[in-house]
Amino acid sequence: MINSHDILETISMIDNENLDVRTITMGISLLDCIDSDIDKACDKIYDKICRYAKDLVKTGEDISKDYGIPIIHKRIAVTPIALIAAACPTKNPVKFAKTLDRASKTVGVNFVGGYSSLVHKGFAPGDYALIESIPEALSVTDNVCSSVNVGSTKTGINMDAVAKMGRIIKATAEETKDRDCIGAAKLVVFCNAPEDNPFMAGAFHGTGEPDCVINVGVSGPGVVRAALSKAGDCNITEVADIVKRTAFKITRAGQLVAQEAAKRLCVPFGILDLSLAPTPAVGDSVAYILEEMGLEQCGAHGTTACLALLNDAVKKGGAMASSHVGGLSGAFIPVTEDAGMIEAARSKALSIVKLEAMTSVCSVGLDMIAIPGDTTADVISGIIADEAAIGMVNTKTTAVRLIPAIGKKVGDELNFGGLLGGGPVMEVNTKSPAKLIARGGRIPAPLQSLKN
Amino acid sequence: MRAVITVLGKDNVGILAKVSNVCADAGANIIEVTQSVLQEMFAMIMFVEIGDIKIPYSELSDNLVALGDDLGLKVHVMHEDIFNTMYHV
């Protein structure tokens, strides 16, 4: 029996608290598109994406209308392109990026992820060329997202790749400096990258995945904050219970959408990602949830504890609501995409140092942070190494998505618009880790990896 | 198979009749209506059968939302499964 309270609560969640399903992401394997002739490979890729995803956007819109739940994004994740590019070693892989971009525009999705390379233990054929091509690929395309996995708990951290990615991030920002360095906002460096993550910019379709799959990312920080606000002065155990109950409801809505999308598209349902993903819209902020728990502003001492509780409670509430949970599943803390984080960064309540601590308990890592344009590649590599170490030792995904704001300094602003938002350039520690980065080699896998 | 129509906004004459007319035109049978007016604010929840309607469900939904826009009311049309899924284990 459906009661009026439940109906009105759901309507209020949608109208006032930004309840939505953030993304339906179709994962497509491109392994059968491999060809030593790059033009043939690109034709096969374009045809396969257009064939498999031709109804993706319309299906998403239909489901949204039928169930009354907004579905914000429809996206595509593909096999890491380095695997495809390995077959044509003498060619510039940017051609693949342009093909992905063209296919994404034909089917009407707003992002396609998978211009990626997995080099956590070393470089295979295709990896060098792909990574070196990232700055150009992200500057000449609109919808392509790129990611590189440089470490894992099982393998340790590839410090050669860490060194390279510091330079690549900076070069990507340089290539797109006329557009607020937006290229770097579409590039993620991972440790322990999940192969079924539906969220951009880090989505790709892992080699263990089926030919085609539907993964769904839920959202709803505004709903969680509103539920805590209504609860008033309760103790922290009750706060955790409220988050769990709310996460359960949000996840159930996502599960329904995921199953329905899989059924209508005749594609297997992969996973539901339980992430609380903020947007720059007022009220749709993870920082505001932390502040609702009792902080004067996000970044204050106590923030890491609040985030740990939130991340854990979201998982506990969501795990029972979905048949398959995967991806990143937790609370995202992308600074430029979260109104509360932007305010906290502007007022200097939130620093990169504090954000790094927060990444040890959130679902991903240092995400969407603008740093001064003159930050050296070595410093960026140092930040990547620290973040990868947190992920490696804690057996969790961590990531770095930094935007070097070329020509700007601390306090200046970047503005990407839309979902990527904008925000202030944050201060970084400029002491040089150059000698460490120049050593190269591989940080050995930690004892945590020896589980067999 | 049922849909839940909710109508929220400033009270006026004939809201229930106009919403019912759109449902009748589509061949959607009204099963249950709950309505209240509190300090001029009108709130109605209507359950309608959509299994045998004459037009696509999405068209019925569009028509009702358009009617709401004309009357200055917020209309939501949602499949009942969303509530069954969110609120029942």
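Section: helix α3 (residues 56–67) of chain A
Residue and element names in this part refer to chain A.
Step number 1: Here α3 is 12 residues long and its end C-alpha atoms lie 17 Å apart, about the 16 Å a rise of 1.5 Å per residue gives.
Step number 2: Among the residues of α3, Leu56, Val57, Thr59, Gly60, Ile63, Ser64, Asp66 and Tyr67 are the ones counted as buried.
Step number 3: Gly68 lies just past α3 and shows a positive phi near 75 degrees.

Brief notes about the environment of Pro89 of chain A
Residue and element names in this part refer to chain A.
Step number 1: By the secondary structure assignment, Pro89 is in the loop between α4 (81–85) and α5 (94–107).
Step number 2: The class of Pro89 is exposed, set by a relative accessible area of 65%.
Step number 3: C-alpha of Pro89 to C-alpha of Leu295: the two residues are 206 residues apart in sequence and 53 Å apart in space.

A short note on the side chain of Glu291 of chain A
Residues and elements named next belong to chain A.
Step number 1: Along the chain, Glu291 falls in helix α10 (residues 286–292).
Step number 2: Although Glu291 is buried, it makes no salt bridge; Arg225 carries the closest opposite charge, 7.7 Å away.
Step number 3: Ignoring any residue separated from it by four or fewer positions in sequence, one finds Glu291 in contact with Glu296, Gln297, Cys298 and Gly340.

Considering the domain arrangement of chain A
Residues and elements named next belong to chain A.
Step number 1: Examined at the domain level, chain A breaks down into domain 1 (23–191) and domain 2 (218–447).
Step number 2: Averaged C-alpha coordinates put domain 1 and domain 2 at centres separated by 22 Å.
Step number 3: The interface of domain 1 with domain 2 comprises 45 residues on the first partner and 50 residues on the second.
Step number 4: Regarding the contact of domain 1 and domain 2, the summed buried area is about 3,800 Å², with carbon and sulfur atoms giving 71% of it.
Step number 5: Counting the contacts that link domain 1 with domain 2 gives two salt bridges.
Step number 6: Between Arg264 and Asp66 there is a salt bridge whose closest N-O contact spans 2.8 Å.
Step number 7: Scanning the region where domain 1 abuts domain 2 turns up 15 residue pairs in polar contact (both at pLDDT 80 or more).
Step number 8: The set of elements that each furnish at least two residues to the side of domain 1 that touches domain 2 consists of β1 (21–28), α3, β2 (71–78), β4 (144–152), β5 (156–158), α7 (159–175) and β6 (187–191).
Step number 9: Top element by residues in the side of domain 1 that touches domain 2 is α7. It accounts for 11 residues.
Step number 10: Residue classes in the side of domain 1 that touches domain 2 are distributed as 24 nonpolar, nine polar and 12 charged.

Section: the nonpolar core
Step number 1: Counting 133 residues, the largest nonpolar core has Leu30, Ile76, Phe96, Tyr115 and Leu310 of chain A as the members making the most contacts within it.
Step number 2: Residues lining this core come from more than one domain, with at least three contributed by each of domain 1 (23–191) and domain 2 (218–447) of chain A.
Step number 3: Contact partners of Leu30 of chain A, with chain neighbours within four places excluded, come to Ile45, Ile49, Val78, Thr79, Ile81, Ile84 and Leu100 of chain A.
Step number 4: Grouped together as the second largest cluster of nonpolar side chains are 22 residues, Met44, Tyr57, Leu73 and Val75 of chain B included.

What about the pairing of strand β3 (residues 41–49) of chain B?
Residues and elements named next belong to chain B.
Step number 1: Direction of pairing for strand β1 (residues 2–10) relative to β3: antiparallel, over a ladder of nine bridges. Looking across to β3, one finds that Val7 is bridged to Met44.
Step number 2: Pairing geometry for strand β2 (residues 29–38) and β3, over nine bridges, is antiparallel. Each bridged residue has a counterpart across the sheet, and for Leu38 the counterpart in β3 is Met41.
Step number 3: Where β2 folds back on β3, the antiparallel hairpin that results is connected by two residues, among which Gln39 adopts a positive phi of roughly 50 degrees.

So, the environment of Leu30 of chain A
Residue and element names in this part refer to chain A.
Step number 1: Secondary-structure assignment places Leu30 in the loop between β1 and α2 (38–52).
Step number 2: Taking relative accessible area as the criterion, Leu30 reaches 0% and is therefore assigned buried.
Step number 3: Sequence spacing of Leu30 and Thr79 is 49 residues, and the spatial spacing of their C-alpha atoms is 5.5 Å.

Focus: helix α12 (residues 339–346) of chain A
All names here are of chain A.
Step number 1: A large share of α12 lies buried, amounting to six of its eight residues.
Step number 2: One side-chain oxygen of the residue at the start of α12 lies 3.0 Å from the amide nitrogen of Gly340, identifying that residue as Asp338.
Step number 3: Lys348 sits one or two positions beyond α12 and adopts a positive phi of about 65 degrees.

A closer look at the pattern of salt bridges
Opposite charge on two side chains permits them to pair, given that their charged atoms come into close proximity.
Residue and element names in this part refer to chain A.
Step number 1: Scanning the model with the defined rule gives 29 salt bridges over all chains in all.
Step number 2: Of the charged contacts, one joins Lys54 and Asp55 as a salt bridge, the two residues approaching to 3.8 Å between their closest N and O atoms.
Step number 3: Residue classification places Asp55 among the partly exposed positions, given a relative accessible area of 38%.
Step number 4: When the shortest N-O distance is used, the salt bridge between Asp412 and Lys409 registers 4.0 Å.
Step number 5: Sharing partners across several salt bridges, the network here consists of Asp66, Glu260, Lys263 and Arg264.

What to know about the interface of chain B and chain A
Step number 1: Contact residues are listed per partner, giving 26 residues for chain B and 24 residues for chain A.
Step number 2: The junction of chain B with chain A conceals about 2,400 Å² of combined surface from both sides, 70% of it contributed by carbon and sulfur atoms.
Step number 3: The largest share of the area that chain B buries against chain A comes from Thr85, Met86 and Tyr87 of chain B, three residues that together contribute 27% of it.
Step number 4: Taken together, the links from chain B to chain A amount to one salt bridge.
Step number 5: Residue Asp62 of chain B pairs with Lys65 of chain A through a salt bridge whose shortest N-O separation is 2.8 Å.
Step number 6: Counting across the interface, chain B meets chain A through nine residue pairs in polar contact (both at pLDDT 80 or more).
Step number 7: Among the elements of the structure, β1, β2, β3, α2 (57–71), β4 (74–79) and α3 (81–87) of chain B are those that each provide at least two residues to the side of chain B that touches chain A.
Step number 8: Here the side of chain B that touches chain A takes seven residues from α3 of chain B, the largest share from any one element.
Step number 9: Considered class by class, the residues forming the side of chain B that touches chain A number 12 nonpolar, nine polar and five charged.

Cut-offs used in this document
Along every chain, residues carry numbers that run from 1 in the direction the sequence is written. Chains carry letters and ligands carry numbers; both start at the beginning, A for chains and 1 for ligands, and go up in the order they are written. In keeping with the model being predicted, local features are shown solely for residues with a pLDDT of at least 70 and side-chain atom pairs are shown and tallied solely at 80 or more, while totals for entire chains, interfaces and linings include all residues. To obtain the side-chain values, all non-hydrogen atoms of the structure were used and water was disregarded. Put simply, DSSP H or I for four residues or longer makes a helix, DSSP E for two residues or longer makes a strand, and each gets a number counted from the N terminus. What a helix should span is 1.5 Å times the count of its residues minus one. Only protein chains enter the area calculation, which uses a 1.4 Å probe; residues under 20% of their type maximum are buried, those over 50% are exposed, and those in between are partly exposed. Only four residue types enter the charge count: Lys and Arg as positive, Asp and Glu as negative, with His and the chain ends excluded. Whenever a carboxyl oxygen of Asp or Glu lies within 4 Å of a side-chain nitrogen of Lys or Arg, that contact is scored as a salt bridge. The contact definition used throughout considers only heavy atoms, calling two residues in contact when any of these lie within 4.5 Å. The source of the domain bounds is an automatic or database domain assignment. The term buried area denotes the loss of accessible surface (1.4 Å probe radius) that occurs when two parts are joined, taken as the sum for both partners. Polar contact is defined as a pair of N or O atoms within 3.5 Å, subject to the rule that within protein one atom must be able to donate a hydrogen and the other to accept it, and that residues adjacent in sequence are counted only when both atoms are side-chain atoms. Each residue is assigned to one of three groups, with Ala, Val, Leu, Ile, Met, Phe, Trp, Tyr, Cys and Pro labelled nonpolar, Asp, Glu, Lys and Arg labelled charged, and all others, Gly among them, labelled polar. The term nonpolar core refers to a set of buried residues drawn from Ala, Val, Leu, Ile, Met, Phe, Trp, Tyr and Cys, joined through side-chain atoms within 4.5 Å. If DSSP finds at least two bridges between two strands, the strands pair.

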